[in-house]
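Listed below, chain by chain, are the residues.
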Amino acid sequence: MGVDRLQRSWRWLLTGRAVPRDPLRQAIAAIDDAVHLGRVGRLEDAVEVGAEAIRRTRELAAADRRRYLPALQLALRNQGVYLTELRRHDESIPLTQEAVDLARSMVTWDRYRYLPELTLSLAYFTNRLLAAGDTHRALEVSAEAVDLARDVAGHDDRSAAQDGLAAALGNRAISLAAVGRPDEALVASAETVELRRKLAESGHDGATLELAQAMHNHANRLHVAGRTAESVTLSAQAVALCRGLATDHPGTHRHRLAQALHSHSVLLSRQDRDAEALAAAEESVTCWRALAAEAPGRHSAGLAQALAGLGSRLRWAGRLGDARTATEEAVDLYRTLVATNRARHLGGLAQAVHQRAALAEEVPTHLAASREAVDLRRELVAGNRARHLPDLADSLRERAGALADAGRLDEAVRADEEAVDLHRECAAADPARTETLARALLGQAGRLGQAGRSGEALAAAVESVELIEGLREAGPGRYRQLLAAALDRQADLLPKRRQGEQARLRRRATVLRKARSRSEP
């Protein structure tokens, strides 16, 4: 639930108890101002005004706890949102925890009047913890939120209670996915979509937008589960909903359509539907350009993300020159954004620079961009290891390739070793990342072979094959191409005296490729 709807709910709660020039109205005005500033991207100002709102409501609550505590709880919860956007997690988490504690005390006054607010505060707390990388604590909090939301929904059959349950389940799904429990995440996100559909059919306020977001999240869960066709179908439905919203309310929802198109493009690309992915990415950029022309400061980040996505789609379409142009524009935009708010936009810049490295034509450019991407991602990992470690591992792999191209094989091998170690750590925390570890080992095997370290190279190739074989047990029709490549690499690294084994591996790789050509799009 967005801050604006949350604000309206509290206004309703407090209406009738405030009088003209009442201090409570003054505090609510400060909360309003902070919400507006946050909405238009002036987050530092939002934090300053939000701090004033907290100061005022604390003073009021000290004098009359029952009357003013709800306003303080709201001010604390909102402040956590702004601080999280600024990546100031050490400040946002204690404030959101305090909001939860206050909501618990309110529940003791009147359980079913205030239980929805406790549930909502727990949902916000889950989001703050996820943003800070504290995934296991987020999992615990999200479980309590779902339990309480089910209690509320069982006691109150109005749509607001179902909305609260859907929000809690959505957060639960994200938390489960973050700790490597994809099957449970899929179940929770499926229930979220079902609830959101019912709310949309009943005409609940804001339900169509919430349904579109739930569909997008569930599409990602379906993709992880290997149900790629279903994921793209659901994502297309989310785009259609956002397109309808943007048509009816362009001033409010055009950015939702632009974001939905970007997300849909990513899923299409993962299913190798490259032409459709490119079309969606181009439309997303067109939408963001129009929005940025109207309000550059507000929509520059969306345009930068869409341009980076377009660069990736163009790369896979073989239009490398156009891909570099889009990526360079994204890098330039992100550099400007980072200059004004480093914490918020550093991740976007790191991704765009990483892509710049992958697209580099010249070795010096490849070296410089890959080095910068690694440095940026080390900085991000220092602030949130769990969230950014996979990206650092990816950039180290790219760096290894750049070093190898420059003939600096010893440095390339060291970068590979660190990348594989990090990918191994990521896969241990989240088995869904096993495929990435297998690919990293495959690349490492090639460069170890180039460096003359044939025994280590063969061991890496064998481990890669074993990991991919394990992945295929869960989905025999998947990973054919990857396994074929790994078998070929293993065969290349075998000594000549094992020619019979080499031939067997190559025959199996050929069979896998032929099977793909017959049965896969």
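Here the structure is a predicted model, which means the values were calculated and not measured.

**Student:** What is the right way to read the overall build of the chain from this model?
**Tutor:** Looking only at helices and strands, the chain features 23 helices and zero strands. Computed over the C-alpha atoms, the radius of gyration of the chain is 25 Å, within 12% of the 24 Å expected from 2.2 N^0.38 for a compact globule of 521 residues. With the C-alpha coordinates of the chain rotated into their principal frame, the extents come out at 90 × 45 × 40 Å. Taken across its 521 residues, the chain has 51% of its residues classed as buried. Taking as baseline every contact in the chain between residues at least 6 positions apart, the subset at least 24 positions apart corresponds to 60%. For the chain, the exposed surface amounts to about 23,800 Å²; the carbon and sulfur share of it is 49%. Across the chain, the mean location of the 75 positive side-chain charges is 2 Å away from that of the 71 negative side-chain charges.

**Student:** How should I be thinking about helix 18 (residues 385-405) in this particular structure?
**Tutor:** Think of an α-helix as turning once every 3.6 residues; residues three or four places apart then point the same way. When the terminal C-alpha atoms of helix 18 are compared, their 29 Å separation across 21 residues agrees well with the 30 Å that a helix rising 1.5 Å per residue should span. The first or second residue beyond helix 18 is glycine 407, which carries a positive phi of 80°.

**Student:** What am I meant to see in the packing of helix 19 (residues 409-429) against helix 20 (residues 434-450) here?
**Tutor:** Two numbers describe a pair of packed helices, the interaxial angle and the distance between the axes. As a packed pair, helix 19 and helix 20 sit with axes 9 Å apart at the nearest point and diverge in direction by 160°. In terms of orientation, helix 19 lies roughly antiparallel with respect to helix 20. The chirality of how helix 19 crosses helix 20 is left-handed. Contacts between helix 19 and helix 20 involve Leu409, Ala412, Val413, Asp416, Glu417, Val420, His423, Arg424 and Ala427 from the first element and Thr434, Thr436, Leu437, Ala440, Leu441, Gly443, Gln444, Arg447, Leu448 and Gln450 from the second.

**Student:** Would you mind showing me how to read the packing of aromatic side chains here?
**Tutor:** Two descriptors summarise a pair of aromatic rings, namely the distance from one centre to the other and the angle between the planes of the rings. The tally for this structure, following the rule as stated, stands at one aromatic pair. Taking the centre distance of 5.7 Å and the plane angle of 90° together, the rings of tryptophan 109 and tyrosine 114 count as edge-to-face. Its end group placed over the ring of tyrosine 112, arginine 111 keeps NZ or CZ at 5.6 Å from the ring centre. The ring centre of tryptophan 316 lies 5.0 Å from the NZ or CZ of arginine 315, which sits over that ring.

**Student:** Where do I start with helix 17 (residues 363-383) in this structure?
**Tutor:** Its 21 residues give helix 17 an end-to-end C-alpha distance of 31 Å, which sits within 8% of 30 Å, the value for a rise of 1.5 Å per residue. The inward-facing, buried residues of helix 17 contact helix 16 (342-359) and helix 18.

**Student:** Looking at this model, I keep getting lost on the nonpolar core. Mind explaining?
**Tutor:** Among soluble globular proteins, nonpolar side chains are generally buried collectively. Grouped together as the largest cluster of nonpolar side chains are 58 residues, with contacts concentrated most on Ile31, Leu72, Leu76, Tyr82, Leu118 and Leu122. Take this core: its biggest share by element is 10 residues, from helix 4 (residues 65-85).

**Student:** Before we go on, may I ask you to explain the side chain of arginine 196 in this structure?
**Tutor:** Within the secondary structure, arginine 196 is located in helix 9 (residues 182-201). At 2.5 Å, the side chain of arginine 196 and the side chain of aspartate 163 are in polar contact. Not counting chain neighbours up to four residues away, the residues in contact with arginine 196 comprise Asp163, Ala166, Ala167, Glu210, Leu211 and Ala214.

**Student:** Before we go on, may I ask you to explain the pattern of salt bridges in this structure?
**Tutor:** Any two side chains of opposite charge can pair, so long as their charged atoms come close to each other. Going through the model one piece at a time under the given rule, you end up with 43 salt bridges. Across the pair aspartate 156 and arginine 158 runs a salt bridge whose closest N-O atoms are separated by 2.9 Å. In this structure, lysine 198 engages glutamate 194 in a salt bridge whose closest nitrogen and oxygen atoms are separated by 3.6 Å. Pair noted here: lysine 198 and glutamate 194 are both in helix 9, with a separation of four residues, about one helical turn. Judged by its relative accessible area of 44%, glutamate 194 falls in the partly exposed class.

**Student:** Sorry if this is basic, but what is going on with the environment of proline 495 here?
**Tutor:** Among the structural elements, proline 495 can be located in the loop between helix 22 (480-493) and helix 23 (499-519). When its relative accessible area of 25% is taken as the criterion, proline 495 is described as partly exposed. Along the primary structure proline 495 and leucine 222 are separated by 273 residues, whereas in three dimensions their C-alpha atoms are 42 Å apart.

**Student:** Which parts of the structure should I look at to understand the side chain of serine 395?
**Tutor:** Checked against the element boundaries, serine 395 lands in helix 18. Those residues in contact with serine 395, other than ones at most four positions away along the chain, are His354, Ala373, Val374 and Arg377.

**Student:** Just checking my understanding: could you explain the packing of helix 10 (residues 207-224) against helix 11 (residues 228-248) for this structure?
**Tutor:** At a minimum axis separation of 8 Å, helix 10 and helix 11 run at an interaxial angle of 160°. Classified by the interaxial angle, the pair formed by helix 10 and helix 11 is roughly antiparallel. Crossing angle aside, the handedness with which helix 10 passes helix 11 is left-handed. Along the contact surface, helix 10 presents Thr208, Leu209, Leu211, Ala212, Met215, His216, His218, Ala219, Leu222 and His223, while helix 11 presents Thr228, Glu230, Ser231, Leu234, Ser235, Gln237, Ala238, Leu241, Cys242 and Leu245.

**Student:** Help me understand the state of the cysteines in this model?
**Tutor:** Working definition: the covalent bond between the sulfur atoms of two cysteines is a disulfide. According to the stated counting rule, one finds zero disulfides in the structure shown. The thiol sulfur of cysteine 287 is not disulfide-bonded, and the nearest other cysteine sulfur, from cysteine 242, lies at 11 Å.

**Student:** For this particular structure, what's the right way to read unusual backbone geometry?
**Tutor:** What you tend to see is this: most non-glycine residues have negative phi, and most peptide bonds are trans. In the Ramachandran plot, arginine 87 falls in the positive-phi region, its phi being about 65° despite a non-glycine side chain. Position of arginine 87 relative to the elements: it lies in the loop between helix 4 and helix 5 (89-107). With relative accessibility at 32%, the residue arginine 87 sits in the partly exposed group. Phi at aspartate 272 is positive, roughly 65°, even though this residue is not glycine.

**Student:** Can you help me understand the confidence of the model for the chain in this one?
**Tutor:** Atom-level detail of predicted coordinates should not be read off regions where pLDDT is low. On average, residues of the chain score 89 in pLDDT, and 94% of them are at 70 or above. Residue range residues 1-20 is modelled with pLDDT below 50. Its contacts to residues more than four positions away, or to other chains, number 50 contacts. In the model, residues 516-521 has pLDDT below 50 throughout and makes seven contacts with residues more than four positions away in sequence or in other chains.

**Student:** Could you clarify how one ought to interpret the environment of alanine 428 in this entry?
**Tutor:** In this structure, alanine 428 sits in helix 19. For the pair formed by alanine 428 and alanine 360, sequence separation is 68 residues and the distance between their alpha carbons is 32 Å.

So, how was this worked out
- Residues numbered from 1 in each chain as written.
- Predicted model: local features only at pLDDT ≥ 70, side-chain atom pairs only at ≥ 80, totals over all residues.
- Heavy atoms only, no water.
- Helix = DSSP H or I, 4+ residues; strand = E, 2+ residues; numbered from the N terminus.
- Rg over C-alpha atoms; globule rule 2.2 N^0.38 Å.
- Buried < 20%, exposed > 50% of the residue type's maximum accessible area, 1.4 Å probe, protein only.
- Contact = heavy atoms within 4.5 Å.
- Areas by Shrake-Rupley, 256 points an atom, 1.4 Å probe, with all protein chains shown as cover.
- Lys, Arg positive; Asp, Glu negative; His and termini not counted.
- Charge placed at Lys NZ, Arg CZ, Asp CG, Glu CD.
- Expected span 1.5 Å × (residues − 1).
- Axes fitted to C-alpha atoms, helices over the stretch in contact; angles between N-to-C directions.
- Parallel < 35°, antiparallel > 145°, perpendicular 65-115°, else oblique.
- Left-handed = near helix turned anticlockwise from the far one by under 90°.
- Phe/Tyr/Trp six-rings, centres within 6.5 Å; stacked < 30°, edge-to-face > 60°.
- Lys NZ or Arg CZ within 6 Å of the ring centre and 35° of its normal.
- Core = buried A, V, L, I, M, F, W, Y, C linked by side-chain atoms within 4.5 Å.
- Polar contact = N/O pair within 3.5 Å; in protein donor to acceptor, adjacent residues only side chain to side chain.
- Salt bridge = Lys/Arg side-chain N within 4 Å of Asp/Glu carboxyl O.
- Disulfide = S-S within 2.5 Å.
- pLDDT = per-residue confidence, 0-100.

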